[in-house]
Amino acid sequence: MLRLIALFSLLLSASAYAEELPIFDSHIHYSHDAVEFLPPEKIAEILKKSGVKKALVSSSDDRGTQLLVKHAPDIVVPALRPYRKRGETGSWMHDPTIIEYVEDLLKRHKYHAIGEFHAFDEDIETPVLQRIIQLAKEHDLLLHAHSDADAVDRIFKAYPEARVLWAHSGFVRPERVREMLRKYKNLWADLAFRSDHDDNGKVVPQWREAFEEFPDRFMVGTDTFAPERWLYVEDHARTSRAWLSDLPKDIAEKIAFRNAETMLRLQPSQ
Amino acid sequence: MRVAGRLLALVVLTLLATGTANSAEPVLSQSQIDKLLLHGPWPVQWDRDPSNRVSGNPNAIALGRDLFFSPKLSGNGKMSCATCHHPGRGWTDRLPQGLGTTKLDRNTQSLFNVRLNRWFGWDGQNDNLWAQSIRPLLDPKEMNASAGHVVKVVNGDPELAEAYENVFGAAPDTANLELTLVNLGKAMAAFQETIVSGRSPFDAFRDALAKGDEKAASAYPAAAKRGAALFFGRGNCTFCHTGPNFTNGEFQDAGVPYFLGPGRVDKGRYAGIGKLKASKLTLAGDYSDDPAKTGAWKVRGVRALHRNFGEFKVPSLRNLTQTAPYMHNGSLATLEDVVRHYSEIDVERLHADGTRVLAPLHLNDREVKDLVAFLESLSTG
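Numbers given for residues are sequential positions, taken from 1 along each chain in its written order. To read the labels, note that chains go from A and ligands from 1, taken in the order they are written. Selection of residues for local features in this predicted model requires a pLDDT of at least 70, selection of side-chain atom pairs for listing and counting requires 80 or more, and totals for whole chains, interfaces and linings are taken over all residues. Side-chain calculation: all heavy atoms of the structure are included, whereas hydrogens and water are not.

Pulling in residues and values, what's your account of the overall build of chain B?
When its secondary structure is counted, chain B shows 15 helices and 4 strands. Across its three principal axes, chain B shows a C-alpha extent of roughly 75 × 50 × 35 Å. Per-residue burial over chain B gives 54% buried out of 381 residues. Within chain B, residue pairs in contact and separated by at least 24 positions form 68% of the contacts whose partners lie at least 6 positions apart. Numbering of helices and strands runs from the N terminus, with a helix taken as a DSSP run of H or I at least four residues long and a strand as a DSSP run of E at least two residues long. Burial status follows relative accessibility: with a 1.4 Å probe on protein chains alone, a residue under 20% of its type maximum counts as buried, one over 50% as exposed, and anything between as partly exposed. Contacts are assigned to residue pairs with any non-hydrogen atoms lying within 4.5 Å of each other.

Here is the structure:
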């Protein structure tokens, strides 16, 4: 009987813990079409209702980010996305006018990161990307890269002290993510839009090994790549808490919010 | 295999020769022909549904037909299944969104070849046709009935009650409403299994190619042939619309917005999986009549992925000309609108999780018309 009571108490505390676990959403966009459909007040409400205590927000164009900074300054950690509209993900690296756009914004606003940007393989060698990397160095900004492993290598080659958040962890297998994390101490890995790290709330063994080897390097993110997906933020936070509760508490808290705070050099949450 | 290869090669050469004679004639490559042949023969062999013990039973089909067309089953006694799935309107209603007790959020799917589905409904919230047949009956926004009402109607109608007893071996059990409702769903499913589209011009073309019958293949319109070359070639439409029923039976984000209004979205497959997992009426459940639980692995194995949010069923393309308007919310009125949507698809709305399935084709006006001609050829006319 006592065992049953103890088990019940354990389940209750796990459930309460899962409910309370704050989330730092490290991959979120509030682009022009989202601004059109969902006002910043609504976005702030969604984030608060979802228990998202902090969010690394970027947008194409930058107006959405600035709107959210005004409406939810305690939540939003602004990142500068080098796109004037969402349609530039595949062409921006060949567009020299992007540099002027980014430099102008850097003069006018405060940011913690540049990204999320899309760049693969030799894209990193283009003058636009090289200048973006240089700007990150000059302004001490994190680079949030939706890239393959080769592009990540090239970023670190250009700027060995760079801090890089690898979006979607490159959509590569956990073994490959671990290789990259071993290779670069300033590389962090977001898990946005990946569903392979858990199976119905249970962390799969390959990912568990990755989280245990690098408890300080992973983080969660929703990726609101289409405006409708803002209505997924709450579901995402809930499902994230579910699989995180399958990890030791300290690792779960790190992935949920502490790693993003450390990566962005923010004041740690209590 | 060698014989088939020679026949196909002959067809390719024939088409090439035709192309030489007239530069406007299409050329289907060997790879395109290989893909095309996988879209038949039609109709596919009929197999009874092992989860439904009255599947294929003529008495059950007759009972199911009566139930399907009976408005008495609905809450207000005015709406039957056929109100939205009208046989004279391609087994749909030809409205952008269905109309139940209120305007619905989604387009009414046609019932042509419905038995071939793996998942049912735009969100796949059921894995079998009998459960799917019950769903609209009980939905307050659709037929707005209760299990008690439906069973009472059947029990109170001497003809329906007798037909029920004939099929299921006992009178409708008013003490076990769920069981009786499931049985009624199985009878309605037995009827809907008989709704099969006929052979189309495409089927004749496909079979002619399979036999190497140049003369028969030449009867297929030139525009449709050019459209086929796009469908099985550059357009890669067959990636999702594959097999004899022109669907992979799964779900895709087709770049169609899914806001329902301010602050509301249609979560699509993501919500459908939640409902499926919560349902007792699945192939893995006690109501399946199949001791082997064939197909139950699907519901046991499926789980909601991030990508499922805003995904909707890849529909069959058969008899498309009878089932306008198109897409999950009926937002595209014509086949040309559909082709132009994919031709200029906004890839920024889609996520590149691995290989990007959809990409803008930038078709010119003639190519749009050709692809429409091909799609029209999938209908029985």
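A description of the pattern of salt bridges should follow, citing residues and the corresponding values.
Salt bridges are identified by distance alone: a Lys or Arg side-chain nitrogen within 4 Å of an Asp or Glu carboxyl oxygen. Summed over all chains, the structure comprises 46 salt bridges over all chains. Here R154(A) makes a salt bridge to E125(A), at a shortest N to O gap of 2.9 Å. Of the two residues, R154(A) is situated in helix α7 (residues 149–158) and E125(A) in the loop between β4 (113–118) and α6 (127–139); the sequence distance between them amounts to 29 residues. Classification of E125(A) as partly exposed rests on a relative accessible area of 41%. The salt bridge involving D289(B) is made with R53(B); its shortest N-O contact spans 3.2 Å. Here the residue D289(B) occupies a position in the loop between α12 (269–278) and α13 (296–301), and R53(B) occupies one in the loop between α2 (30–37) and α3 (58–68), the gap between them amounting to 236 residues. Connected through shared salt-bridge partners, R178(A), R182(A), E209(A) and E213(A) make up one network.

How would you summarise the confidence of the model for chain B if you had to cite specific residues and measurements?
The share of residues in chain B with pLDDT of 70 or more is 92%, and the mean pLDDT across the chain is 92. You can read pLDDT as the predictor saying how much it trusts each residue, on a scale of 0 to 100. Low pLDDT, under 50, characterises residues 1–24 of chain B; the stretch is placed with 28 contacts to residues that sit more than four places away or in other chains.

Summarise α3(B); cite the residues concerned and give the values.
All names here are of chain B. Inspection of α3 places A60, I61, L63, G64, L67 and F68 among the buried residues, and these make up the whole buried set. Seen along its axis, α3 keeps its buried residues to an arc of 165°; they face one direction. Looking at the packing, one finds that the buried side of α3 touches α4 (81–84), α6 (147–156), α7 (158–168) and α8 (177–192). Residues adjacent in sequence count toward polar contacts only when both atoms are side-chain atoms; beyond that, a polar contact is any pair of N or O atoms within 3.5 Å, and within protein one must be able to donate a hydrogen and the other to accept it. The opening residue of α3 is N57, an N-cap whose side-chain oxygen sits 2.8 Å from the backbone nitrogen of N59. Each direction from the helix axis to a C-beta atom contributes to the arc, which is the arc of those directions.

Residue-level account of the packing of aromatic side chains, with values.
Centre distance and the angle of the planes are the two values used to describe a pair of aromatic rings. Note on aromatic contacts: the rings of Phe and Tyr and the six-membered ring of Trp form a pair at centre separations within 6.5 Å, being stacked when their planes are under 30 degrees apart, edge-to-face when over 60 apart, and tilted otherwise. Enumeration over the complete set of coordinates arrives at 30 aromatic pairs over all chains. A centroid spacing of 5.7 Å and a plane angle of 20° characterise the contact between F211(A) and W243(A), whose relative ring orientation is stacked. Of this pair, F211(A) sits in helix α9 (residues 205–213) while W243(A) sits in helix α10 (residues 233–244), placing them 32 residues apart in sequence. We note that F211(A), like W243(A), is buried. Grouping aromatic residues by their ring pairs yields a cluster made of Y232(A), Y258(B), Y270(B), F309(B) and F312(B). When the ring centre of W42(B) is taken as origin, the NZ or CZ atom of R318(B), which lies over that ring, is 3.8 Å away. The criterion is that NZ of a Lys, or CZ of an Arg, lies within 6 Å of the ring centre and within 35 degrees of the ring normal, and then a charge sits over that ring.

I'd like a rundown of the nonpolar core, residues and numbers included.
What is meant by a nonpolar core is a set of buried Ala, Val, Leu, Ile, Met, Phe, Trp, Tyr and Cys residues, joined one to another through side-chain atoms within 4.5 Å. Of all hydrophobic cores here, the largest spans 100 residues; its most connected members are W92(A), F117(A), L143(A), F211(A), F218(A), W230(A) and I255(A). Residue contributions to this core peak at 7 residues, all from helix α11 (residues 249–263) of chain A. The contacts of F218(A), once residues within four sequence positions are left out, are S169(A), V177(A), L181(A), A189(A), L191(A), W207(A), A210(A), F211(A), K254(A), I255(A) and N259(A). Residues L67(B), C81(B), A145(B) and L181(B) belong to the second largest nonpolar core, which totals 42 residues.

Could you give an account of the side chain of H351(B), naming the residues involved and the relevant values?
Considering the arrangement of structural elements, one finds H351(B) in the loop between α14 (335–343) and α15 (365–376). Of the polar contacts made by the side chain of H351(B), one reaches the side chain of H168(A); its length is 3.4 Å. At a separation of 2.7 Å, a polar atom in the side chain of H351(B) contacts the side chain of D223(A).

Lay out a negative patch on the surface with the relevant residues and their values.
A cluster of acidic side chains, namely D66(B), E159(B), E162(B) and E165(B), defines a negative patch on the protein surface. With 3 residues, the top contributor of residues to the negative patch is α7(B). Distance thresholds for patches are 9 Å for like charges and 5 Å for nonpolar side chains (Val, Leu, Ile, Met, Phe, Trp, Tyr), applied to residues having over 30% relative accessible area and no salt bridge. Using the Shrake-Rupley algorithm and a 1.4 Å probe, accessible areas are obtained, with residue cover drawn only from the displayed protein chains. Here Asp and Glu are counted as negative and Lys and Arg as positive; His is not counted, and neither are the chain ends. Every charge is mapped to an atom, namely NZ of Lys, CZ of Arg, CG of Asp or CD of Glu.

Please set out the packing of α7(A) against helix α8 (residues 174–183) of chain A residue by residue, giving values where relevant.
All names here are of chain A. One way to put it is that α7 packs onto α8 with a least axis distance of 12 Å and a crossing angle of 5°. In terms of orientation, α7 and α8 fall into the roughly parallel class. Contacts between α7 and α8 involve A149, V152 and D153 from the first element and R176, M180 and K183 from the second. Under the scheme applied, nonpolar residues are Ala, Val, Leu, Ile, Met, Phe, Trp, Tyr, Cys and Pro; charged residues are Asp, Glu, Lys and Arg; polar residues are all the others, including Gly. For the contact of α7 with α8, the per-class residue count stands at 3 nonpolar, no polar and 3 charged. Here an axis means a line fitted to C-alpha atoms, over the contact stretch when the element is a helix, while the angle between two N-to-C directions is reported on a 0 to 180 degree scale. To sort the angles, those under 35 degrees are grouped as roughly parallel, those over 145 as roughly antiparallel, those from 65 to 115 as roughly perpendicular, and the leftovers as oblique.

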